[in-house]
Amino acid sequence: MKTTRAARRAQYPEAEYNRDRAWGRLLESPGGVRRHSRPGSSGSEPTLLEVARAYDRICQRARGIIQPDVEETDILATLMVIRMLRDKLESDELRLISLARTKRITWERIADALELSGRQSAERRHLQLTRAQRADGTLPRTQNERVESVREQRSRRAERDWALRHGELIRGLAARLAAVDGLQARVDRSHEARILNALEGSRERGPQDQGKPMRLVWPKALRDCLAEDERFRAAPHKSQKPAADPAWERQQQEADILHRLLGLISYATNPRNLDLSDLPELFREIVKVHGEYQQQTRVRR
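Residues numbered from 1 in each chain as written. Predicted model: local features only at pLDDT ≥ 70, side-chain atom pairs only at ≥ 80, totals over all residues. Heavy atoms only, no water.

Draft legend 1. Layout of the overall build of the chain. Scanning the chain from terminus to terminus reveals 13 helices and zero strands. Beginning at the N terminus, the succession of helices and strands in the chain can be written as α-α-α-α-α-α-α-α-α-α-α-α-α. Buried residues in the chain amount to 37% of all 301 residues. Considering only residue pairs separated by 6 or more positions, the chain has 70% of its internal contacts joining residues 24 or more positions apart. (Helix = DSSP H or I, 4+ residues; strand = E, 2+ residues; numbered from the N terminus. Buried < 20%, exposed > 50% of the residue type's maximum accessible area, 1.4 Å probe, protein only. Contact = heavy atoms within 4.5 Å.)

Structure representation (structure tokens):
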């Protein structure tokens, strides 16, 4: 029986086929906590510098220059980001051609800069780029991309709803994980930390950082998120704007905190990030919760 595209995709991480997730994976900061939006999703103008460092690292690992154990999802996410960057370059090309014309630069000179045969080729290229983009300069989404966007929004709602329903379980596991003796030291000795330190060792560092291993940030982020949750439960944050439904708004704030807590404890499911072999019960419980979360939210997509 032929496997449907949706069924095939459900077997793999979304970063392999979803632009938002691919962009976020490539922009993941060392330690894997902060993720950025894909280009244009937050209204801010993205730059190539935002992805250059992570992009080069993954390409070097993929070619075996640094370490040959690059994950398949990293490779596929990078391929998707290449497509996104190509879209951005075409958008910038249109803006620069338009700018050149406003400054009365001739089509012949523009053609030379674009390495085209002449005036007509440059005008044709400008027309081609104009038709490919909307009036505001952004690239129109394909039907598939629009469908994926709706699925992404539905998926995020499902994830937050699941976290809200299992709030006490998530809080309990997060607190037990944060209380693990020497958690930061364990994480800094992990396989992933060794790879990141090897990569950082090849870069120029300030005198104050010479010889110091890079500390992964997710254990601190876990403690900070737990403290934020405790403050919220003691005195729920009040929005600066009047809300039509204050109870609903507080619920959404709680869902956001729990969703972040769930994401942070998920790092402990991978022994590459943290060795919990001496705490098998905690490890099994975290893996079980993470598996149930993935299964239930995937069904709702």
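Draft legend 2. Expanded view of the side chain of Asn273. Within the element layout of this structure, Asn273 appears in the loop between α12 (246–265) and α13 (280–299). In this structure Asn273 comes out as buried when scored by relative accessible area, which is 14%. With sequence-adjacent residues up to four places away left out, Asn273 is seen in contact with Val187, Ser190, Glu192, Trp218 and Tyr267.

Draft legend 3. Layout of the environment of Gly118. Within the element layout of this structure, Gly118 appears in the loop between α5 (107–113) and α6 (119–132). The class of Gly118 is partly exposed, set by a relative accessible area of 22%.

Draft legend 4. Highlighting a nonpolar patch on the surface. Taken together, Ile75, Leu76 and Leu79 make up a surface patch of nonpolar side chains, about 240 Å² in accessible area. With respect to the secondary-structure elements, Ile75 resides in helix α4 (residues 72–102). Since its relative accessible area comes to 35%, Ile75 is described here as partly exposed. (Patch = residues over 30% accessible without salt bridge, like charges linked within 9 Å, V, L, I, M, F, W, Y side chains within 5 Å. Areas by Shrake-Rupley, 256 points an atom, 1.4 Å probe, with all protein chains shown as cover. Salt bridge = Lys/Arg side-chain N within 4 Å of Asp/Glu carboxyl O.)

Draft legend 5. Local environment of helix α11 (residues 218–234). With 17 residues, α11 extends 24 Å from end C-alpha to end C-alpha; this agrees with the ideal 24 Å at 1.5 Å per step. Buried residues along α11 sit against α8 (167–178), α9 (183–188) and α12. (Expected span 1.5 Å × (residues − 1).)

Draft legend 6. Just the nonpolar core, in detail. Leu177, Trp218, Leu222, Leu261 and Leu274 are the most contacted members of the largest nonpolar core, which totals 33 residues. Taken together, the elements giving at least two residues each to this core come down to α7 (143–165), α8, α9, α10 (191–201), α11, α12 and α13. With residues up to four places along the chain from it excluded, the contact list for Leu177 reads Leu183, Trp218, Leu222, Ile265, Ala268, Leu274, Leu276, Leu282 and Ile286. Within the second largest apolar cluster, eight residues are counted, among which are Ile97, Ala100, Ile110 and Ala122. (Core = buried A, V, L, I, M, F, W, Y, C linked by side-chain atoms within 4.5 Å.)

Draft legend 7. Quick peek at the packing of aromatic side chains. Scanning all chains against the criterion turns up two aromatic pairs. Relative to Tyr267, the ring of Trp218 lies with its centre 5.4 Å away and its plane at 25°, an arrangement referred to as stacked. Linking Trp218 in helix α11 with Tyr267 in the loop between α12 and α13, this pair joins segments that are 49 residues apart in sequence. No difference in accessibility class separates Trp218 from Tyr267, as the two residues are buried. (Phe/Tyr/Trp six-rings, centres within 6.5 Å; stacked < 30°, edge-to-face > 60°.)

Draft legend 8. Inspection of α12 at higher detail. A rise of 1.5 Å per residue sets the reference length of α12, with its 20 residues, at 28 Å; its end C-alpha atoms lie 29 Å apart and thus fit the reference within 8%. Those residues of α12 that sit buried are Gln253, Ala255, Ile257, Leu258, Leu261, Leu262, Leu264 and Ile265.

Draft legend 9. Highlighting the confidence of the model for the chain. Looking at the chain as a whole, the pLDDT averages 77, with 67% of positions reaching at least 70. Every residue in residues 29–43 scores below 50 in pLDDT, and together they form 36 contacts with partners more than four places removed in sequence or on other chains. (pLDDT = per-residue confidence, 0-100.)

Draft legend 10. Region of interest: the environment of Cys225. Within the fold, Cys225 resides in helix α11. Exposure remark for Cys225: the relative accessible area of 3% places this residue in the buried category. For Cys225 and Leu261, which are 36 residues apart along the polypeptide, the C-alpha to C-alpha distance reads 6.5 Å. With near-sequence residues (within four places) excluded, Cys225 lies in contact with Ile257, Arg260, Leu261 and Leu264.

Draft legend 11. Examining the packing of α11 against α12 more closely. Contact geometry of α11 with α12 gives a least axis separation of 10 Å together with a crossing angle of 155°. Classified by the angle between their axes, α11 and α12 sit roughly antiparallel to one another. With respect to the hand of their crossing, α11 and α12 are arranged in left-handed fashion. Seen from α11, the contacting residues are Trp218, Ala221, Leu222, Cys225, Leu226, Glu228, Asp229 and Phe232; seen from α12, they are Arg250, Gln253, Glu254, Ile257, Arg260, Leu261, Leu264 and Ile265. Across the contact of α11 with α12, the residue classes break down as ten nonpolar, one polar and five charged. (Axes fitted to C-alpha atoms, helices over the stretch in contact; angles between N-to-C directions. Parallel < 35°, antiparallel > 145°, perpendicular 65-115°, else oblique. Left-handed = near helix turned anticlockwise from the far one by under 90°. Nonpolar A, V, L, I, M, F, W, Y, C, P; charged D, E, K, R; others polar.)

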